[in-house]
Amino acid sequence: MKVLLVNYEFPPLGGGAGNATRHLAADLTTMGDEVKVLTMAHGDLPAREWRDGYEIIRVPSRRKRADRCTPLEMSTFMAGGAYSALKLFRTWKPDAALAFFSIPGAPVAWLLNRLTGVPYALSLRGGDVPGFLPDDLAGYHRLTTPLIRFLWKRAAFVTTNCRWLADLTQRTEPGLPVNIIPNGVDTDSHHPAPQRADGPPQLLLVGRLTRQKGVDILLEALSYSNISRDVRLDIVGNGDERAALEAQAKQLGLADRVTFHSYLRGEALRRQYQKADIFVLPSRDEGLPNVLLEAAASGLPVLTTRAGGCPDAIRDRETGLLVEPDNSKELAHALSTLLSAPDRARAMGHAGRELMIREFSWTKVNSRYRSLLTNLLPRSTG
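Keep in mind the model is a prediction, meaning the values are calculated, not measured.

Visitor: I would appreciate a short explanation of the sheet that holds strand β11 (residues 258-261) in the present structure.
Guide: Two orientations exist for strands paired in a sheet by backbone hydrogen bonds: parallel and antiparallel. In space, the six strands of this open sheet follow the order β11-β10-β9-β12-β13-β14, with parallel pairing throughout. Of all the strands in the sheet, just β11 and β14 (320-323) have a single pairing partner and so form its edges. Ignoring strand direction, the axes of neighbouring strands in this sheet form an average angle of 20°. Here helix α11 (residues 328-340) sits on the sheet in contact with β9 (202-206), β12 (278-281), β13 (302-305) and β14, set at roughly 170° to β14.

See below:
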């Protein structure tokens, strides 16, 4: 096959969806397909680049930050991406296009389909689905829902990365068939440390510092008397709430127990997983966060909420513990349970890694994408 992947996020830009696109491009290439990725330009990244056998084409945009993108900046990708896709078609004709995100990726793929007949598929990720993060995105979704529904109905197939997001999609467009293909994880790069260093119990949270991630709930839980003052917490990520969270930690008397790190990736992030004992993500809303998969692949027991797709990745009482969102007392009780039974916590971490290898490796995930894309090839009538 010749496959065009369309995503305004691609490493080093963005987060989980960009990482998924990178692995899909590499795996499809390994399977013998010819792949090109259409993504956003930023800074001094090259306009065209070959990596692992596939080509990356970067569209000029007004994107200012690597880790996030405004709707206005996304609109520049829709315009530039559509132009670049049509220009590319003059010399390279893909059999199919797979776009990540209803907006801004799907309009690019739809216009290519409309003008050239190339079928397109969609991978929905969370914020591009009406109803996700209603406190933050309700206004945006009111404006975009008619366009989003139009794009979904004309796609050859639609995927989401968890059951909860599939249900949310079908509330917006009842009867729409939705395939569920989870995020994947590199179980070779993410693995347990050979030996845990001695020291106080170490918690880890990785995520954007916004209300969605519930970091404030974790800080409140840490301040309760049933949590030992020996416990330490590393928080990895940037976001608009960082200053407020640092102030909250100080107010709660946690300043000497909580360390804020900036946005990390690659080996620096893997080291954070390997030095931790427990991974905590008390999200209020979620799709299927890559960090849960990375933590489990690193052999950590995971304490998270029942929000969104988190239960798709974490088996309650088997690979970690699930609690209700926005409940610091329940979170503190679950955390105390794990801290007081380190052998049980380690067994959960081991079971979590086995689950990641068995069901969430990139090879398994991407073979499912390829199977669906293969169905878009023209059928022989001979």
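Visitor: Explanation requested: helix α4 (residues 134-153) in the structure shown.
Guide: Residues spaced three or four apart along an α-helix face the same direction, because each turn holds 3.6 residues. Taking 1.5 Å per residue, 20 residues should reach 28 Å; α4 reaches only 23 Å between its end C-alpha atoms and comes up short. Along its length, α4 reaches its greatest deviation from straightness, about 55°, at threonine 144, and the proline proline 146 lies no more than four positions downstream. Along α4, the residues that are buried comprise His141, Thr144, Ile148, Leu151 and Trp152. Next to the buried residues of α4 lie α3 (105-116), β6 (120-123), β7 (158-160) and α5 (163-172).

Visitor: In this structure, what is going on with the packing of helix α6 (residues 215-222) against α11? I would like to understand it.
Guide: The axes of two packed helices give the description: the angle between them and the distance between them. Running from amino to carboxyl end, α6 crosses α11 at an angle of 60°, the nearest separation of the two axes being 8 Å. Taken together, the axes of α6 and α11 lie oblique to each other. The element α6 and its partner α11 pack so that their crossing is right-handed. Here Ile217, Leu218, Glu220, Ala221 and Leu222 of α6 come into contact with α11, specifically with Ser328, Leu331, Ala332 and Leu335.

Visitor: When you look at the layout of surface pockets in this model, what are you seeing that I'm missing?
Guide: It is a probe the size of a water molecule, rolled over the atoms, that shows where empty space is left. Roughly 530 Å³ of internal volume is contained in the second largest pocket. For the second largest pocket, the lining is made up of 23 residues, of which Arg196, Ala276, Asp277, Leu300 and Arg346 are closest to its centre. At the level of elements, α11 and α12 (342-359) are the ones that each hand at least two residues to the lining of the second largest pocket. Looking at the lining of the second largest pocket, its residues break down into 13 nonpolar, five polar and five charged.

Visitor: When you look at the environment of arginine 265 in this model, what are you seeing that I'm missing?
Guide: Take arginine 265: it is sitting in the loop between β11 and α8 (266-275). By relative accessible area, arginine 265 is classed as partly exposed at 36%. Separated by 28 residues in sequence, arginine 265 and glycine 237 place their C-alpha atoms 9.9 Å apart. One polar contact links the side chain of arginine 265 to the main-chain carbonyl oxygen of proline 12, over a distance of 3.1 Å. Here the side chain of arginine 265 touches tyrosine 263 through a polar contact of 3.1 Å, side chain to side chain.

Visitor: For this particular structure, what's the right way to read the side chain of glutamine 272?
Guide: Residue position: glutamine 272 is located in helix α8. Residue glutamine 272 is classed as buried on the basis of its relative accessible area, which comes to 9%.

Visitor: Would you explain the pattern of salt bridges in this entry?
Guide: Any two side chains of opposite charge can pair, on the condition that their charged atoms come close. Summed over all chains, the structure comprises 23 salt bridges. We note a salt bridge from arginine 65 to aspartate 67, for which the minimum N-O separation is 3.5 Å. Judged by its relative accessible area of 12%, aspartate 67 is buried. Notably, a salt bridge pairs arginine 68 with aspartate 67, separated by 3.6 Å at the nearest N-O pair.

Visitor: Would you explain the side chain of aspartate 27 in this entry?
Guide: Of note, aspartate 27 is situated in helix α1 (residues 16-30). Buried within the structure, aspartate 27 lacks any salt-bridge partner; its nearest side chain of opposite charge belongs to arginine 22, at an N-O separation of 9.2 Å. A distance of 2.7 Å separates a polar atom in the side chain of aspartate 27 from a polar atom in the side chain of asparagine 366. The residues contacting aspartate 27, other than those within four sequence positions of it, are Trp362, Thr363 and Asn366.

Visitor: Even after reading the chapter, I still don't get unusual backbone geometry, so can you show me in this structure?
Guide: Most peptide bonds take the trans configuration, and most residues that are not glycine carry a negative phi. At the junction of proline 11 and proline 12, the peptide bond is cis and its omega measures out at 15° in the coordinates. That bond from isoleucine 103 to proline 104 is cis: its omega, 15°, falls within 30 degrees of zero. Looking at where proline 104 falls in the secondary structure, it is placed in the loop between β5 (96-100) and α3. Unusually for a residue other than glycine, aspartate 52 sits at a positive phi of about 55°. We classify aspartate 52 as exposed; its relative accessible area is 57%.

What counts and what doesn't
- Residues numbered from 1 in each chain as written.
- Predicted model: local features only at pLDDT ≥ 70, side-chain atom pairs only at ≥ 80, totals over all residues.
- Heavy atoms only, no water.
- Pairing = 2+ DSSP bridges.
- Helix = DSSP H or I, 4+ residues; strand = E, 2+ residues; numbered from the N terminus.
- Axes fitted to C-alpha atoms, helices over the stretch in contact; angles between N-to-C directions.
- Contact = heavy atoms within 4.5 Å.
- Expected span 1.5 Å × (residues − 1).
- Bend = angle between axes of the 7 residues up to and from the residue.
- Buried < 20%, exposed > 50% of the residue type's maximum accessible area, 1.4 Å probe, protein only.
- Parallel < 35°, antiparallel > 145°, perpendicular 65-115°, else oblique.
- Left-handed = near helix turned anticlockwise from the far one by under 90°.
- 1 Å grid on protein atoms, 1.4 Å probe; cavity = no way out; pocket = protein on both sides within 12 Å on 5 of 7 lines; lining within 4 Å.
- Points joined across faces, edges and corners; volume = space filled by probe spheres on them.
- Nonpolar A, V, L, I, M, F, W, Y, C, P; charged D, E, K, R; others polar.
- Polar contact = N/O pair within 3.5 Å; in protein donor to acceptor, adjacent residues only side chain to side chain.
- Salt bridge = Lys/Arg side-chain N within 4 Å of Asp/Glu carboxyl O.
- Lys, Arg positive; Asp, Glu negative; His and termini not counted.

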